[in-house]
Amino acid sequence: MKHKFNIELIFWLGALIWLFFDNPLENHFTLCPIKNLGFSFCPGCGIGHSISFLLHGNLKQSFDSHPLGFFALIVIIHRIITLIKKYLPTFKHTKL
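Numbering of residues starts from 1 in each chain and follows the order in which that chain's sequence is written. Only residues with pLDDT of at least 70 are given local features in this predicted model, and only at 80 or more are side-chain atom pairs given and counted; all residues enter the totals for whole chains, interfaces and linings. Based on all heavy atoms of the structure, the side-chain values leave hydrogens and waters out of the count.

(A) Spotlight on the UniProt feature "transmembrane region" (unreviewed entry) in the protein. In this numbering, the UniProt entry assigns the feature "transmembrane region" (unreviewed entry) to residues 5-21 and 68-88. From the first C-alpha to the last, residues 68-88 spans 30 Å; its make-up is 90% helix and 0% strand. UniProt positions are given in the numbering used here, feature names are shortened, and annotations may be inferred rather than shown by experiment. Only DSSP runs of H or I with at least four residues qualify as helices, and only runs of E with at least two residues qualify as strands; both kinds are numbered from the N terminus onward.

(B) A look at the confidence of the model for the protein. Model confidence for the protein is summarised by a mean pLDDT of 84, while 84% of its residues fall at 70 or above. The predictor rates its confidence in each residue with pLDDT, a number between 0 and 100. By mean pLDDT, helix H2 (residues 33-36) is the weakest element of the protein at 81, and helix H4 (residues 59-65) is the strongest at 93.

(C) View of the environment of Glu8. Among the secondary structure elements, Glu8 is positioned in helix H1 (residues 7-21). Separated by 72 residues in sequence, Glu8 and Ile80 place their C-alpha atoms 8.6 Å apart. The contact criterion used throughout is that any non-hydrogen atoms of two residues lie within 4.5 Å. Beyond its immediate chain neighbours, meaning those up to four positions away, Glu8 contacts Arg79 and Leu83.

(D) Up close: the side chain of Ser52. Looking at the secondary structure, you find Ser52 in helix H3 (residues 47-55). If we skip the residues at most four places from it in the chain, Ser52 touches Leu19, Asp22 and Pro24.

(E) Expanded view of the pattern of salt bridges. Any carboxyl oxygen of Asp or Glu that lies within 4 Å of a side-chain nitrogen of Lys or Arg is treated as forming a salt bridge with it. Counted by the stated rule, this structure contains two salt bridges. Where Asp64 meets Lys60, a salt bridge forms, and the shortest distance between an N and an O atom there is 2.9 Å. Residue Asp64 and its partner Lys60 are located together in helix H4, separated by four residues, close to a single helical turn.

As structure tokens, then:
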């Protein structure tokens, strides 16, 4: 059985794996174009750290990093499940 390759599914799974193994307390480069242009405020900045803190079980620091991190993680997990059900026929009739 040949499965379709879905780049979005690979991206979201890879992003969550990376955030799980990332140390959210370290400062490193940012992909945020607003921060890279020199602006100090960005409404989305901190959401990656927030998800990383959630994956490490630290709820308070997650909320302090970005209050919508929990909801973003739920949306990403929902999207992953939807893509798995759509592109992997063996999971179509499995309740997750």
